[in-house]
Amino acid sequence: MERQVTIAIVEDHPVVVEGVTSWVNGDPARRIRIVQVTSDLADLGPEPDVVVLDLELGGQMITEKIPGLVAGGRRIVVFSAHVDPGIILAVLEAGAYAYVTKEEGRDHLVETIVAAAGDRPHVTRSQAQAMLADTRPGRPALSAQERQALLLWFQGMSKASVGRRMAITENTVRQYIDRARMKYAATGRPAPTKDALLARAIEDGLVHPSEVAVYTSWAFREAT
Amino acid sequence: MSSVQPSAILATRYSRALDIAVVVVVAGWDLAGAGGELLANLAGYRSAAVQVAAWLVLAAVVTAGSVLLLRGRGGRRSSWTMAALAAAISTVVAAGCPRGHMLAADWGWGIAGWIGVLVLLRRPLTEFVVFLGLEALATFAVLVRDGLTRESLAAFVTVLSASVVIQLAAALAARAVAIPARQAADLAASDAAAREQRVISARVHAARQVRWMAVRETVEPLLQDLAAGRANPADQAVRRDCAIAAARLRRLFAESDDAADPLIHELLACADVAERRGVAADLEAVGAIPAVPAGARRVLTDLAITILSAAATRARITVAAAGDGLIVSFVADCPAGAPLPSADGDIAISHQRDDDVLWVEARWNVR
């Protein structure tokens, strides 16, 4: 068995911590170990691979703290009750690995944490929704296939069903969705986490360096 | 059809004819009556220049008053400014008349009264009477200054009664004609409003009737079967029929709500019914959702009712803006369900089943 992924949960609602704990313990492969639970960002220890972060602590939105955490080398997975696409895009833009809404926790949180620990993307349905809803002038240009895969995924189909619908393999569906996510990692303000995501995506063959000339410079800077 | 137009046209026509009549009378009096009197006595005034200047000022007041009246402008302030100016000028005219022949040479008193008729036409009659009184007092004051005699007093009373009676009659007549005109206009307006109200009521009633009939077709037989014991509430099919009937009733209520986004509002109502049945239903929207006409909304919500009623434990509804239209999709665990149409009106419907999970997508385009 691979080394367990260690996580810290930053959360001020005990019931949410209990929920996350039960999902983590319910993972048959036991891939995740919780090493810290805190309601204060300042108490965060240095060791966890991934930080599961509530976006609202003590009634305050902490979106603007994310770039600082990311710059310090943290892998952030935001787990929040907020579902506004604008907030989701801002969180991804700030360098968080993924965004999981509280409704999606049961189905997606464990997989998202494991993916983040490996510097790989995991696109939740709320992230797909935010990317589809994006109308900002500088937004990444998604291909028609990428948009279609994102739309069907957002609608609630499994990736296998999306593949059948689009007459492509499930693996190709995953590639379309993840490539859309990579286009977001390649735009906006640079962050070590975005570089790591892109470096791993190039390594995995998800994107080719020549396709992503704009950001290979910093992706390689991080990878080499 | 609008309720305002016929009555407004009627009222405008009546009062416009009246206004033009008053303008013609006053302008005629100013030019011919007052102007003639002025010319005839021009040599006798203390200053001919002052008299001519006064005539020009009063002509300007008549012009301004006519324009304001015909354009429907002017309120209390502008009316009384012009009336006060006319009274002041006419007093100057009276004061400039030759002593002892004041009433014979005074062309200002008469025209000032007519200006009062013109500029106070839209004011209450009492205001006009007050104006006439003030005007007469001012003239009388000049007469007293010149030295009141029995003859001059008699002449004053004669001129006063003659001019005041004519002017008052004109003002009264104008108002008397205006009142039936306004009443006719009001009647026409209330008639039109009542007619329009009847049309609206009939349409609302017809729309309700259609919706109610649609609901009754499914709800009433179901309730009768349940009451007679023909339908067993433990039967799965009966439960699904009940769920569909409940959802249709809920939609009926939602349709009469005034929601910012009726489609989302009605789909939420459908999801609400499914949730009461224990189905975890969620609804997500993405993009700027265009307004969907009622007919297409009904097709989409019918689809929602069919699918949600067949859902076992969970259902997800999404609405996404797409080009000129929108895509409504449903993903639900439906072990079995009613057959779905492939198109309904201008809505294209596609579906796919993967084991128990049913995916349905409906596309609607603005044409």
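This structure is a prediction, so every number in the text was calculated from the model and none was measured.

J.: Is there a simple way to explain the pairing of strand β6 (residues 357–364) of chain B in this structure?
T.: Two faces make up the sheet, and in a regular strand the side chains alternate between them. Residue and element names in this part refer to chain B. Counting buried positions along β6 gives six out of eight residues, so the element sits mostly inside the fold. Sheet analysis places strand β3 (residues 325–333) next to β6, joined by eight bridges and oriented antiparallel. Within the sheet, the bridge partner assigned to Ile327 lies in β6 and is Arg363. With eight bridges joining them, strand β5 (residues 347–354) and β6 adopt antiparallel strand pairing. Across the sheet, Ile347 pairs through a bridge with Trp364, a residue of β6. Between β5 and β6, which follow one another and run antiparallel, lie two residues, and Asp355 among them has a positive phi close to 55°.

J.: Is there a simple way to think about helix α1 (residues 14–25) of chain A in this case?
T.: Along an α-helix, residues three or four positions apart point the same way, because every turn accommodates 3.6 residues. All names here are of chain A. With 12 residues, α1 ought to run about 16 Å at 1.5 Å a step, and its terminal C-alpha atoms sit 16 Å apart, in line with that. For α1, the full list of buried residues reads Val16, Val17, Gly19, Val20 and Val24. Buried residues along α1 cover an arc of 160° about the axis, so they all sit on one side. The exposed residues of α1 that point more than 90 degrees off its buried face are Pro14, Val15 and Glu18.

J.: Can you help me understand the pattern of salt bridges in this one?
T.: Two side chains of opposite charge can pair, provided their charged atoms sit close to one another. One pass over the structure, following the stated rule, counts 20 salt bridges over all chains. Its salt-bridge partner being Arg200 of chain A, residue Glu203 of chain A comes within 3.6 Å of it at the nearest N-O pair. Taken together, the residues Glu203 of chain A and Arg200 of chain A, both in helix α9 (residues 192–203) and three residues apart, mark about one turn of the helix. Accessibility expressed as a relative area gives 22% for Arg200 of chain A, which makes it partly exposed. Arg122 of chain B is the partner of Asp19 of chain B in a salt bridge, and the nearest nitrogen-oxygen pair spans 2.7 Å. Placement of the pair is Asp19 of chain B in helix α1 (residues 5–40) and Arg122 of chain B in the loop between α5 (108–119) and α6 (125–146), with a sequence separation of 103 residues. Through salt bridges that share partners, Glu11, Asp54 and Lys102 of chain A make up one connected network.

J.: Explain the packing of helix α6 (residues 144–155) of chain A against helix α8 (residues 170–185) of chain A to me, please; I cannot follow it from the model alone.
T.: All names here are of chain A. The geometry of α6 relative to α8 is characterised by a closest axis approach of 8 Å and an angle of 110° between their N-to-C directions. With respect to their mutual orientation, α6 and α8 come out roughly perpendicular. Judged by residue contacts, Gln145, Glu146, Ala149, Leu150 and Trp153 of α6 engage Tyr176, Ile177, Arg179, Ala180 and Lys183 from α8. Each residue belonging to the contact of α6 with α8 can be placed in one class, and the counts come to six nonpolar, one polar and three charged.

J.: I keep staring at the sheet that holds β5 of chain B and nothing clicks. Help me out?
T.: The strands making up a sheet are joined through hydrogen bonds of the backbone, oriented either antiparallel or parallel. If you walk across this open sheet you meet the six strands as β1-β2-β3-β6-β5-β4 (chain B), and the pairing is mixed. Strand pairing shows two members of the sheet lacking a second neighbour, β1 (280–286) and β4 (343–344) of chain B, which therefore form its edges. As paired elements, β4 of chain B and β5 of chain B share two bridges and run antiparallel to each other. The partner of Asp344 of chain B across the bridge, within β5 of chain B, is Ile347 of chain B. Contacts from helix α5 (residues 125–133) of chain A reach β1 and β2 (314–322) of chain B, with the element oriented near 25° to β1 of chain B. Here helix α10 (residues 294–310) of chain B sits on the sheet in contact with β2, β3, β4, β5 and β6 of chain B, set at roughly 10° to β3 of chain B.

Criteria and thresholds
Residues numbered from 1 in each chain as written. Chains lettered and ligands numbered in written order. Predicted model: local features only at pLDDT ≥ 70, side-chain atom pairs only at ≥ 80, totals over all residues. Heavy atoms only, no water. Buried < 20%, exposed > 50% of the residue type's maximum accessible area, 1.4 Å probe, protein only. Helix = DSSP H or I, 4+ residues; strand = E, 2+ residues; numbered from the N terminus. Pairing = 2+ DSSP bridges. Expected span 1.5 Å × (residues − 1). Arc of directions from axis to C-beta. Salt bridge = Lys/Arg side-chain N within 4 Å of Asp/Glu carboxyl O. Axes fitted to C-alpha atoms, helices over the stretch in contact; angles between N-to-C directions. Parallel < 35°, antiparallel > 145°, perpendicular 65-115°, else oblique. Contact = heavy atoms within 4.5 Å. Nonpolar A, V, L, I, M, F, W, Y, C, P; charged D, E, K, R; others polar.

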